[in-house]
Amino acid sequence: MKTDETTSKYTEANMSSVKYVTEQDFQEEVISAQTPVLVDFTADWCQPCKMIAPIVEQLAGQWDGKVKVVKLDADLNPNIMMQYGVMGIPTLMLFKSGEVKERITGYLPKDKIEAKVTPHV
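Residues numbered from 1 in each chain as written. Predicted model: local features only at pLDDT ≥ 70, side-chain atom pairs only at ≥ 80, totals over all residues. Heavy atoms only, no water.

Asks: Got a minute to help me understand the sheet that holds strand S1 (residues 19–21) in this structure?
Replies: Note on sheets: strands pair through backbone hydrogen bonds, and any given pair is parallel or antiparallel. Reading across from one edge, S1-S3-S2-S4-S5 is the order of the five strands in this open sheet, with mixed pairing throughout. Looking at strand neighbours, the two that pair on one side only are S1 and strand S5 (99–105), the edges of this open sheet. On average, adjacent strands in this sheet sit at an angle of 30° to one another, irrespective of strand direction. Sheet topology note: the strand S2 (residues 37–42)/strand S4 (residues 91–96) ladder contains five bridges and is antiparallel. The partner of leucine 38 across the bridge, within S4, is leucine 94. Seen against the sheet, helix H5 (residues 110–117) touches S2, S4 and S5 and runs at an angle of roughly 160° to S5. (Pairing = 2+ DSSP bridges. Helix = DSSP H or I, 4+ residues; strand = E, 2+ residues; numbered from the N terminus. Axes fitted to C-alpha atoms, helices over the stretch in contact; angles between N-to-C directions. Contact = heavy atoms within 4.5 Å.)

Pasting the structure below:
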């Protein structure tokens, strides 16, 4: 996919406050981040992803300054999907110091996500 098409997709999709990351900036934005990073592996066509999106938005606001929250489009970033063994979406992964500390696959309510992530923050 061409860069301008990718950029356009991220501009359209990034109407939310949660930034999209790509294979090109994953190392810098996620692996090398100073704070824990919650990555939402998602896709436009995924209905459960749409259901979890408002929860991810709420958590991003709630954890502002403590946890960086980003999204990664599964269709546009297949190498990251393979590297981390993401077989289904939505998948949320919490990275801390470059390592996966928590992995949640499928829809969960906000309180369950908080319970899994909070011990690592």
